[in-house]
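# Chain and residue survey
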Amino acid sequence: MVCFQTRRKQMNKFLNILFLLCFLALSGYSQKDQESSDTFFVKGQLSAVTHYNPSNNLPLWFGGRYIPQVNYNLEFGSSNLIDFEASANMYGNVGTEPFNEAEWSGKIKPYRAWVRYSNQQFELRAGLQKINFGSANMLRPLMWFDQIDPRDPLRLTDGVWGILGRYYFLNNTNIWLWALYGNNNPRGWENTATSKNTPEFGGRLQLPVPKGEVALSYHNRKTIYEVSDEIISATESTENRLGFDARFDMAVGWWIEGSWMNNTKNIGILTNQTITNIGIDYTFGIGSGLYVIYEQLFAAYSEKTFDLSNSTNFSMLSMSYPIGLFDNMSAIVYYNWETKSMYNFLSWQKQFDKITLHTIAYWNPENYQIPTQGSSQNLYGGIGIQVMFVFNH
């Protein structure tokens with residue numbers, strides 16, 4: 001069944017910002033102010049993927065994606081900039097057991113649609129945008145508003161509708177403030193949806209320290225959760241999140257990142273969530289340079305604050321090695337200490353002029369349980385291979 005879905009409200013916002021972009025682009029080009037300059041450009045990314053995994057019900061998958069993007073920059077004065085970005089995510093997939101069964105899906109949706117004012121120390125951005133921060137590289141407790149999969153060559157993630165302001169002091173201290181609205185689906189580590197027609201808000205303070213930086217983050221939202229049928233079908237609660245992260249560059253790079261979430265109502269095991277990551281990275285002087293990352297993730301859920309009895313413990317090792325100017329080999333290994341399960345990914349990247357070839361081979365447990373990663377289909381359970389072509393113009 002072909003399923004091309006759009007969200008009317010988000011598409012209306014997307015089209016409104018596109019209209020504003022075109023209007024300002026035209027008005028900008030008509031101005032004769034010698035103190036301002038403008039730039040308008042269009043680019044895009046086309047990708048095609050083939051995936052084979054004999055362990056899946058539909059072992060063979062084909063997919064295509066196109067992300068067109070329009071940007072407009074208007075500079076005025078000595079350091080003032082207004083810029084716009086609008087892009088769409090158009091994709092389709094088909095999974096098949098040859099000559100027997102097939103499953104189709106696809107979607108056209110806005111990917112980014114924002115307008116921003118910025119100068120040397122301040123920026124204000126409004127619209128559909130990506131918001132991410134933190135010190136960790138891959139297993140990220142502060143993945144509050146995105147869901148970037150480290151195995152994804154495209155590093156794709158849906159954006160959030162909102163306003164983000166950032167101010168940068170001269171000593172590299174910076175303050176973030178944000179307000180979000182209209183983002184109802186769970187993101188990142190969330191297990192419950194955001195209540196409709198209610199805003200979310202939060203902020204972040206990032207401070208320089210000797211050999212590194214530290215930061216504190218906060219977010220508040222209204223959340224909808226379901227309780228067992230014996231009590232009530234759904235109810236609303238206030239969720240507060242606190243985050244801490246720090247990164248230091250000494251003989252090696254190392255970091256710590258943590259997030260604590262609390263619901264004001266008792267919703268069972270999901271009332272409290274505690275996630276911590278400790279990591280280290282280093283480039284060994286072997287050949288062209290072997291880059292290694294190690295991260296340890298600890299996540300716990302409980303009715304009681306900081307009760308760690310119900311927890312998950314993950315280790316991750318990532319290695320990357322460039323071969324010449326146009327090839328790169330990398331490997332990622334995850335280990336689940338509770339289930340004694342190991343997840344293995346090996347990838348090769350080949351760069352041509354405007355085309356990049358990505359080949360990923362993997363060997364995982366069939367019961368695939370890497371936290372917050374993977375698509376709705378369990379494509380990466382078992383042994384398989386994926387080949388992706390990416391064309392940027």
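First, a word on what this report is: a plain description of the structure on this page. Note that this is a predicted model, so its numbers are computed, not measured.

As enumerated under the stated definition, the model contains 1 cavity of 30 Å³ or more in all. Estimates place the volume of the largest cavity at around 130 Å³. The wall of the largest cavity is formed by 17 residues, among which Trp189, Glu190, Glu239, Met261 and Gln273 lie closest to the centre. Those elements that provide at least two residues to the lining of the largest cavity are β12 (235–249), β13 (253–263) and β14 (272–284). Among the elements that line the lining of the largest cavity, the one with the most residues is β13, at 3 residues. Taken together, the residues that form the lining of the largest cavity break down as 7 nonpolar, 5 polar and 5 charged.

Turning to the nonpolar core, a few remarks are in order. Among the nonpolar cores identified, the biggest contains 25 residues, and Phe314, Met316, Tyr334, Tyr343, Phe345 and Ile370 are the most heavily contacted of them. For this core, the secondary structure elements donating two or more residues are β15 (290–302), β16 (311–323), β17 (327–336), β18 (341–351) and β19 (355–363). In terms of residues, this core owes the most to one element, β15, which gives 4 residues. Phe133, Leu142, Leu164 and Trp176 belong to the second-largest nonpolar core, a separate cluster that totals 10 residues.

Looking at chain direction, β15 and β16 are connected through 10 bridges and run antiparallel. When the sheet's bridge partners are listed, alanine 300 is paired in β16 with serine 311. Note that β16 and β17 share 10 bridges and pair antiparallel. Bridge pairing in β17 links methionine 316 to tyrosine 334. Hairpin connection, β16 to β17: the antiparallel pair is bridged by 3 residues, and glycine 324 has positive phi, about 70°.

Taken together, the side chains of Tyr167, Phe169, Ile175, Leu177, Leu205 and Leu207 define a hydrophobic patch exposed on the protein surface, amounting to about 490 Å² of accessible area. Of all elements in the fold, only β8 (174–180) and β10 (200–209) reach the threshold of two or more residues within the nonpolar patch. Relative to the helices and strands, leucine 207 is located in strand β10. On the basis of relative accessibility, which here comes to 34%, the residue leucine 207 falls in the partly exposed class.

Moving on to unusual backbone geometry. Most peptide bonds take the trans form, and the phi angle of most residues other than glycine is negative. Within the chain, arginine 155 stands out as a residue other than glycine whose phi angle is a positive 55°. In this fold, arginine 155 is placed in the loop between β6 (122–129) and β7 (160–168). Overall, arginine 155 belongs to the partly exposed group, its relative accessible area being 40%. With a phi angle near 60°, asparagine 197 is a residue other than glycine that sits in the positive phi range. Looking at where asparagine 197 falls in the secondary structure, it is placed in the loop between β9 (193–194) and β10. For asparagine 197, a relative accessible area of 58% gives the class exposed.

So, how was this worked out
- Residues numbered from 1 in each chain as written.
- Predicted model: local features only at pLDDT ≥ 70, side-chain atom pairs only at ≥ 80, totals over all residues.
- Heavy atoms only, no water.
- 1 Å grid on protein atoms, 1.4 Å probe; cavity = no way out; pocket = protein on both sides within 12 Å on 5 of 7 lines; lining within 4 Å.
- Points joined across faces, edges and corners; volume = space filled by probe spheres on them.
- Helix = DSSP H or I, 4+ residues; strand = E, 2+ residues; numbered from the N terminus.
- Nonpolar A, V, L, I, M, F, W, Y, C, P; charged D, E, K, R; others polar.
- Core = buried A, V, L, I, M, F, W, Y, C linked by side-chain atoms within 4.5 Å.
- Buried < 20%, exposed > 50% of the residue type's maximum accessible area, 1.4 Å probe, protein only.
- Pairing = 2+ DSSP bridges.
- Patch = residues over 30% accessible without salt bridge, like charges linked within 9 Å, V, L, I, M, F, W, Y side chains within 5 Å.
- Areas by Shrake-Rupley, 256 points an atom, 1.4 Å probe, with all protein chains shown as cover.
- Salt bridge = Lys/Arg side-chain N within 4 Å of Asp/Glu carboxyl O.

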